[in-house]
Amino acid sequence: MQRQIAGSEPRVGMLETVREFALEQLAAAGELSALEHRHAEYYLALVEAAEPHLVGPQQRLWLDRLAAEHDNVRAVLRWSTREDDRKLIGSRLAGALVGFWWIHGHWREGLQWLEEMGTDDGRVPPSTRAKVLHGAGVLAEALGHLGRASDLYVESLELCEALDDRRGIALALIGVGAVAMHQGEAVRAREMLERSLVLGRDLNEQTLVAHALVNLGALTLDGG
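Residues numbered from 1 in each chain as written. Predicted model: local features only at pLDDT ≥ 70, side-chain atom pairs only at ≥ 80, totals over all residues. Heavy atoms only, no water.

## A word on the packing of aromatic side chains
No. 1: In this structure the tally under the stated criterion is one aromatic pair.
No. 2: Here the aromatic rings of Tyr42 and Tyr43 are separated by 4.9 Å at their centres, their planes lie at 85°, and the arrangement is edge-to-face. (Phe/Tyr/Trp six-rings, centres within 6.5 Å; stacked < 30°, edge-to-face > 60°.)

## Observations concerning the packing of helix H11 (residues 186-203) against helix H12 (residues 206-222)
No. 1: Between H11 and H12, the shortest axis-to-axis distance is 8 Å and the interhelical angle comes to 155°. By the angle between their axes, H11 is roughly antiparallel relative to H12. Crossing geometry of H11 relative to H12 is assigned as left-handed. Contacts from Ala186, Ala189, Arg190, Leu193, Glu194, Ser196, Leu197, Gly200, Arg201 and Leu203 of H11 reach H12 at Leu208, Val209, Ala212, Leu213, Asn215, Leu216, Leu219 and Thr220.
No. 2: Of the residues contributing to the contact of H11 with H12, the split by class is eleven nonpolar, four polar and three charged. (Axes fitted to C-alpha atoms, helices over the stretch in contact; angles between N-to-C directions. Helix = DSSP H or I, 4+ residues; strand = E, 2+ residues; numbered from the N terminus. Parallel < 35°, antiparallel > 145°, perpendicular 65-115°, else oblique. Left-handed = near helix turned anticlockwise from the far one by under 90°. Contact = heavy atoms within 4.5 Å. Nonpolar A, V, L, I, M, F, W, Y, C, P; charged D, E, K, R; others polar.)

## Some thoughts on helix H9 (residues 146-163)
No. 1: For H9, built from 18 residues, the straight-helix expectation of 26 Å at 1.5 Å per residue is met to within 8% by its first-to-last C-alpha distance of 26 Å.
No. 2: For H9, the set of buried residues is Ala149, Ser150, Leu152, Tyr153, Ser156, Leu157, Leu159 and Cys160.
No. 3: Where the residues of H9 are buried, they touch helix H7 (107-117), helix H8 (126-142), helix H10 (166-182) and H11.
No. 4: In the stretch just after H9, Asp164 is the one whose phi turns positive, near 55°. (Expected span 1.5 Å × (residues − 1). Buried < 20%, exposed > 50% of the residue type's maximum accessible area, 1.4 Å probe, protein only.)

## What to know about the side chain of His134
No. 1: Looking at where His134 falls in the secondary structure, it is placed in helix H8.
No. 2: Excluding anything up to four places from it in sequence, His134 contacts Tyr153, Ser156, Leu171 and Ala172.

## Focus: the nonpolar core
Nonpolar side chains in soluble globular proteins tend to end up buried together.
No. 1: Counting 58 residues, the largest nonpolar core has Leu77, Leu93, Leu97, Trp101 and Leu114 as its most contacted members.
No. 2: In terms of residue count, H10 provides more of this core than any other element does, nine residues in total.
No. 3: Not counting residues within four places of it along the chain, the set of residues in contact with Leu97 comprises Val47, Val73 and Leu77. (Core = buried A, V, L, I, M, F, W, Y, C linked by side-chain atoms within 4.5 Å.)

## What about the environment of His104?
No. 1: Following the sequence through the fold, His104 ends up in helix H6 (residues 98-104).
No. 2: With near-sequence residues (within four places) excluded, His104 lies in contact with Leu63 and Ala67.

## Some remarks on the pattern of salt bridges
No. 1: Considering all chains together, one arrives at 13 salt bridges under this definition.
No. 2: Note that Arg74 and Glu109 form a salt bridge whose closest N and O atoms lie 2.6 Å from each other. With Arg74 in helix H4 (residues 70-80) and Glu109 in helix H7, the pair connects residues that are 35 residues apart, well separated along the chain.
No. 3: With relative accessibility at 21%, the residue Arg74 sits in the partly exposed group.
No. 4: A relative accessible area of 21% means that Glu109 is categorised as partly exposed.
No. 5: Shared partners join several salt bridges into a network, and the residues in it are Asp71, Arg74 and Glu109. (Salt bridge = Lys/Arg side-chain N within 4 Å of Asp/Glu carboxyl O.)

## Examining the side chain of Glu141
No. 1: With respect to the secondary-structure elements, Glu141 resides in helix H8.
No. 2: Here Glu141 is buried and forms no salt bridge, its nearest opposite-charge partner Arg188 lying at an N-O distance of 11 Å.
No. 3: Once residues lying within four places of it in the same chain are set aside, the contact partners of Glu141 are Leu146, Ala149, Tyr153, Ala178, Val179 and His182. (Lys, Arg positive; Asp, Glu negative; His and termini not counted.)

## Notes on unusual backbone geometry
No. 1: The backbone of Asp164 shows a phi angle near 55°, a positive value even though the residue is not glycine.
No. 2: Relative accessible area serves as the criterion here: at 57%, Asp164 is assigned to the exposed category.
No. 3: Phi at Asn204 is positive, roughly 60°, even though this residue is not glycine.
No. 4: Relative to the helices and strands, Asn204 resides in the loop between H11 and H12.

Next comes the structure, spelled out in structure tokens:
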């Protein structure tokens, strides 16, 4: 075992051979499955606690903490793909990680996980799936995959409309509008963004209002 320091938190490193031996012993004792579930639940709770702080005065603290735990989070995502009943944990985890992946530039990796978790197999609630699809749209857009991004945003929008999730609708409209703007579809872009602006104001969600206005400003600038 090796004691390490990550920021202000002590951490313990383990040689791979020791880790493999410990896993073999846990499996032999019939304790591995329960421990893996506890590991997954711990990191899901951590990532979901971090998510609202990825924008704001504590952003650096939480980004650094997630960066230190990224390999553990990856392990949970891999674990969540191995059995059908684990996908909900993986989907929630991926949806909450979008901000971290976007800020740290893990766009391709994040998109791969989000698209895998966003497949419709009936195991993930529509609200969670809508969030995952929106996050995939964000990263696809960042990578310049505009057609794919538009499809993902539209799918998220349809789910949010079926759920009457007005905040989700507003976010998806911004995504659809932004991609339409990048594709030169100014009329469609303005329609989507203005709908989102109205919703944001009705909900008194200033972040949505600001996001819609920034895109409408960019659209107006593009129009001269």
